[in-house]
Amino acid sequence: MHQKRSYGRVLVVSTLVGCLEVALTVVVVLLYVQTQPPPDEPPDYVDIGGTLVGLTPLIGFISFLLSLVFVLPAVALADLLGRLIGRNAAWWSAPLIVAALLSPLVFGVAAYNDAQTRGTLLFWASATASLSLGALIALPRREGLLGRVALWGTAVVAGTGLFGALGLAVGLLPAYEPPRIGPETMTGSWIDHTGNTLVFTPDGRVTASGVGGRSVFDHPGDPAPSCSGSGSWVYEAGRDVWTQRVRVDVPDCAWPAWSVGGTAREPRIQQRVGGPDSGELYKLRKVSGGS
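Residues numbered from 1 in each chain as written. Predicted model: local features only at pLDDT ≥ 70, side-chain atom pairs only at ≥ 80, totals over all residues. Heavy atoms only, no water.

Looking at the state of the cysteines
Thought 1: Summed over the entire model, instances satisfying the criterion amount to one disulfide.
Thought 2: With a sulfur-sulfur separation of 1.4 Å, C227 is cross-linked through a disulfide to C253. Torsion about the S-S bond of the C227 and C253 cystine: about -80 degrees, corresponding to left-handed handedness. Pair noted here: C227 is in strand β4 (residues 227-236) and C253 is in the loop between β5 (245-249) and β6 (258-262), with a separation of 26 residues, a long-range link. (Disulfide = S-S within 2.5 Å. Helix = DSSP H or I, 4+ residues; strand = E, 2+ residues; numbered from the N terminus.)

Observations regarding the packing of aromatic side chains
Thought 1: One pass over the structure, following the stated rule, counts five aromatic pairs.
Thought 2: Between the aromatic rings of F107 and W124, the centroid separation amounts to 5.5 Å while the plane-to-plane angle is 55 degrees, which identifies the pairing as tilted. In this pair, F107 is assigned in helix α3 (residues 89-112) and W124 in helix α4 (residues 117-138), connecting sequence segments 17 residues apart.
Thought 3: Judged by its relative accessible area of 33%, F107 is partly exposed.
Thought 4: Ring geometry for W255 and W258: centres 5.8 Å apart, planes at 75 degrees, overall edge-to-face.
Thought 5: Look at W258 and you get buried, because its relative accessible area is 0%.
Thought 6: By the ring-pair criterion, three or more aromatic residues cluster together here, those being W255, W258 and Y282. (Phe/Tyr/Trp six-rings, centres within 6.5 Å; stacked < 30°, edge-to-face > 60°. Buried < 20%, exposed > 50% of the residue type's maximum accessible area, 1.4 Å probe, protein only.)

Examining the nonpolar core
Thought 1: In terms of nonpolar packing, the biggest core is built from 27 residues, with V13, V75, L102, L131 and V149 touching the most fellow members.
Thought 2: At the level of secondary structure, the elements contributing two or more residues to this core comprise α1 (7-33), α2 (45-85), α3, α4 and α5 (145-170).
Thought 3: Aside from chain neighbours lying at most four places away, what touches L131 is L66, F70, V71, V98 and L102.
Thought 4: If you look at the next biggest cluster of nonpolar residues, it comprises 22 residues, including F200, V246, C253 and W255. (Core = buried A, V, L, I, M, F, W, Y, C linked by side-chain atoms within 4.5 Å. Contact = heavy atoms within 4.5 Å.)

Looking at the confidence of the model for the protein chain
Thought 1: Confidence along the protein chain averages 87 in pLDDT terms, with 89% of residues attaining 70 or more.
Thought 2: Below a pLDDT of 50 lies the segment residues 215-223, which in the model reaches twelve contacts outside its immediate sequence neighbourhood of four places, other chains included. (pLDDT = per-residue confidence, 0-100.)

Examining the packing of α2 against α4
A pair of packed helices is characterised by two quantities: the angle between their axes and the separation of those axes.
Thought 1: Contact geometry of α2 with α4 gives a least axis separation of 9 Å together with a crossing angle of 55 degrees. In this view, α2 runs oblique relative to α4, as classed from their interaxial angle. α2 and α4 meet at a crossing whose hand is right-handed. Of the residues in α4, those touching α2 at L66, F70, V71 and V75 are L131, G134 and A135.
Thought 2: In the contact of α2 with α4, the residues fall into six nonpolar, one polar and no charged. (Axes fitted to C-alpha atoms, helices over the stretch in contact; angles between N-to-C directions. Parallel < 35°, antiparallel > 145°, perpendicular 65-115°, else oblique. Left-handed = near helix turned anticlockwise from the far one by under 90°. Nonpolar A, V, L, I, M, F, W, Y, C, P; charged D, E, K, R; others polar.)

Encoded structure:
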């Protein structure tokens, strides 16, 4: 005999599932970031972590609100449908009910903001899947459901982080590496975010037009220098992709060797700027079709 449905427990379990989904998303995003080129300014993970901790009550409240508005009615309607046509109907009907409850809000907001159809459908499908998971997990009427959800949900989040980190360490996940370039790749125009350029020619000559960057030993408060002129360049392969360098010698331009970043499709040459510990990067990208 099944115990009576506690809709209060449904609400608590669904709220917990929503919080665990957010935690899992954060872990997956952090792992994904490790497979991508570093940004120009390194993220402050301590600050990000503090912000996430500070947002925990808000995340919990939003999860509670979504559970109250969408999951709880979906479970109640699924229970009603189950009593009418059979107990198993609750399992397959809950996601359909969640999708139906979400539709007016999602498509109404999308129509008001003239959002793209594809993006709207993807958001609707993602929201339906996320809230349906909370509904399906909250459906069983067993004792100790909340404890099991907390235990197994935490294990999934922690396990994803652990196995993801191990995957990055042993190479099962493609941790980011800069592309292997060569003199042929260097030949052509490279441009920074404000339109200043370095133009490399196959005969080892280079022309700088307003290119910035600074030595890592410069004071962070100093104005960013810019440099123009002609000189020479040489590519050094290094012992691996991390140690390859491009040395550019232009009179009155005291640049250290440029390291390599970006991807094989969109290579970058870059320097650390703003002080030894800033981690900030000044980048030039290869102009498409440059030769």
